[in-house]
Amino acid sequence: MFSFRARSLLLLAAVSSLVIPANADQKITTRRTIDGAHATVQTLYIRGERERLEFRAEDVPPGGESDDDITIRQFDRRRTLAFSPRYKTYAYIPMDVAGKPRPVQEPAATRGGEVKVTIDSVDTGERKQIGEFIARHVRSTTRMEAGPGACQSSSMTEVDGWYIDLRTIRAPAHPGAVGVLIAGQAGCRDRFHVQKLGAAPRGYPVEETYRHTEQGHTFVTKTELLGASTSTLDPALFELAPGYQPALHTAFGYDFRRVDTFSNRAQYYWERVVYSVRRWF
């Protein structure tokens, strides 16, 4: 199923360190590899008030089909377009609705502890040319030290990367952006004490090594640049191509595997009834 994955927005610097025309189109392609496998190629296109973001898995077996994840943000029309090239279905989501947080009622905390979080980000001062951009070298760390009775485990996150500034400040976050991830547990709530040291800005990563160590296990994600360009982009990239049909809208979002027709709706509701009955017997 073509899914909407929750993605946090990354604020990018508005002023580039290299003189690029304010209306120049931009295209950045990177590859992200998790623990030496499961490579994903991401391409970000920017033109005027529109952005297109593509994710494509590289580890699809020969002859296999990939469910590419593609979204187009049309800021000039205040909507997001998501579509599936495989199933030829699409959906428009108003930006005032897409990603709107829902209130969550948390259970009363019965245990927890103290957790010290130290965040540091240092610009090494190194610079290098990448296409028509100037990249800066930034090293970041996030150390979490859990005290007695804490639900959160102690961990260390180290990020070493080269970053560029894009023209827009609304570009979606690239996977691997550094931050503090807190996994909640029912009935448990820690008290976090955050200390920030260096605050060097990062930006959009074109080369990056993300290393997270927790409970004796280390998770490594690497990002490498495949291409960067400010050449003129085809406006059609930011519109829905002909031949697509509306995706089935369900109570849980959009099912891009099926077109929104009467028969598909009936089949979906019947599947929900069968599922509910099986839960009781």
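Residue numbers run consecutively from 1 along every chain, following the written order of its sequence. Under the rules for a predicted model, residues below a pLDDT of 70 receive no local features and side-chain atom pairs below 80 are neither given nor counted, while totals for whole chains, interfaces and linings still include all residues. With hydrogens and water excluded, all non-hydrogen atoms of the structure serve as input to the side-chain values.

We now examine the overall build of the protein chain. On a plain count of helices and strands, the protein chain comes out with one helix and 14 strands. Looking at the protein chain as a whole, 38% of its 281 residues are labelled buried. We call two residues contacting when some pair of their heavy atoms lies within 4.5 Å. By sequence separation, contacts in the protein chain at least 24 residues apart represent 64% of the contacts at least 6 residues apart. Counting from the N terminus, the helices are the DSSP runs of H or I reaching at least four residues and the strands are the DSSP runs of E reaching at least two. Accessible area is worked out with a 1.4 Å probe on protein chains only. A residue is then buried under 20% of its type maximum, exposed over 50%, and partly exposed in between.

The next thing to look at is the state of the cysteines. Cysteine sulfur atoms that pair up within 2.5 Å are treated as a disulfide. This model, assessed by the stated rule, comprises one disulfide. Sulfur-sulfur distance for the disulfide between Cys-151 and Cys-188 comes to 1.1 Å. Its S-S torsion of about -45 degrees marks the bond between Cys-151 and Cys-188 as left-handed, since a negative value means left-handed. With Cys-151 in the loop between strand E8 (133-146) and strand E9 (155-164) and Cys-188 in the loop between E9 and strand E10 (191-196), this pair connects stretches of sequence that are 37 residues apart. The class for Cys-188 is buried, based on a relative accessible area of 12%.

Planes of paired rings set the category: under 30 degrees apart is stacked, over 60 is edge-to-face and the rest tilted, where pairs are Phe, Tyr or Trp rings (Trp by its six-membered ring) whose centres lie within 6.5 Å. All told, the structure shown has three aromatic pairs when counted by the stated rule. Judged by centre distance (5.5 Å) and plane angle (85 degrees), the ring pair of Phe-83 and Tyr-244 falls under edge-to-face. Of the two residues, Phe-83 sits in strand E5 (residues 79-84) while Tyr-244 sits in the loop between strand E12 (217-229) and strand E13 (245-250), which places them 161 residues apart along the sequence. Side by side, Phe-83 and Tyr-244 carry an identical accessibility label, which is buried. Ring centres of Tyr-254 and Phe-256 lie 6.2 Å apart, and the angle between their planes is 50 degrees; this geometry places the pair in the tilted category. The class of Tyr-254 is buried, set by a relative accessible area of 18%. The buried category is assigned to Phe-256, whose relative accessible area is 0%. Only lysine NZ and arginine CZ atoms are considered, and such an atom sits over a ring when it is within 6 Å of the ring centre and within 35 degrees of the ring normal. One Lys or Arg, Arg-79, reaches over the ring of Tyr-92 and ends 3.9 Å from the middle of that ring. Cation over ring: Lys-128 sits above Trp-162, and NZ or CZ is 4.5 Å from the ring centre.

This brings us to the nonpolar core. Here, the term nonpolar core denotes a set of buried Ala, Val, Leu, Ile, Met, Phe, Trp, Tyr and Cys residues that are joined through side-chain atoms within 4.5 Å. One finds Ile-28, Leu-44, Ile-164, Leu-166, Tyr-204 and Val-206 to be the most contacted residues of the largest nonpolar core, which totals 13 residues. Of all the secondary-structure elements, those providing two or more residues to this core are strand E2 (37-47), strand E3 (50-57), E8, E9 and strand E11 (204-214). Counting residues in hydrophobic clusters, the runner-up holds nine residues, among them Tyr-45, Tyr-90, Leu-233 and Phe-238.

This part covers the pairing of strand E1 (residues 26-34). Of the pairings in the sheet, the one linking E1 to E2 comprises eight bridges and is antiparallel in character. Counted as the bridge partner of Ile-28 is Leu-44 from E2. Count of turn residues in the E1/E2 antiparallel hairpin: two residues, of which Asp-35 carries a positive phi of about 50 degrees. Here E1 runs beside E12; their pairing, made up of eight bridges, is antiparallel. Paired with Thr-33 across the bridge in E12 is Lys-222. Here, any two strands with at least 2 DSSP bridges between them count as paired.

Below, the discussion takes up unusual backbone geometry. Of note, the phi angle at Arg-78 is positive, near 55 degrees, even though the residue is not glycine. The residue Arg-78 is located in the loop between strand E4 (69-74) and E5 in this model. Residue Arg-78 is classed as partly exposed on the basis of its relative accessible area, which comes to 44%. Of note, the phi angle at Lys-88 is positive, near 60 degrees, even though the residue is not glycine. Inspection of the secondary structure assignment puts Lys-88 in the loop between E5 and strand E6 (89-94).

Here, a salt bridge means any side-chain nitrogen of Lys or Arg that lies within 4 Å of a carboxyl oxygen of Asp or Glu. Within the structure shown, the criterion is met by 13 salt bridges. One salt bridge connects Asp-76 with Arg-50, and the closest N-O pair in it is separated by 3.1 Å. Separated by 26 residues along the polypeptide, Asp-76 in the loop between E4 and E5 and Arg-50 in strand E3 bring together distant segments of the chain. With relative accessibility at 45%, the residue Asp-76 sits in the partly exposed group. A relative accessible area of 12% means that Arg-50 is categorised as buried. One salt-bridge network, held together by shared partners, links Arg-50, Asp-76 and Glu-239.

With that settled, consider the environment of Asp-165. Position of Asp-165 relative to the elements: it lies in the loop between E9 and E10. Note on Asp-165: relative accessible area 7%, which makes it buried. Residues Asp-165 and Gly-203, 38 residues apart in the sequence, show an inter-C-alpha distance of 5.6 Å.

Structural measurements only, silent on function.
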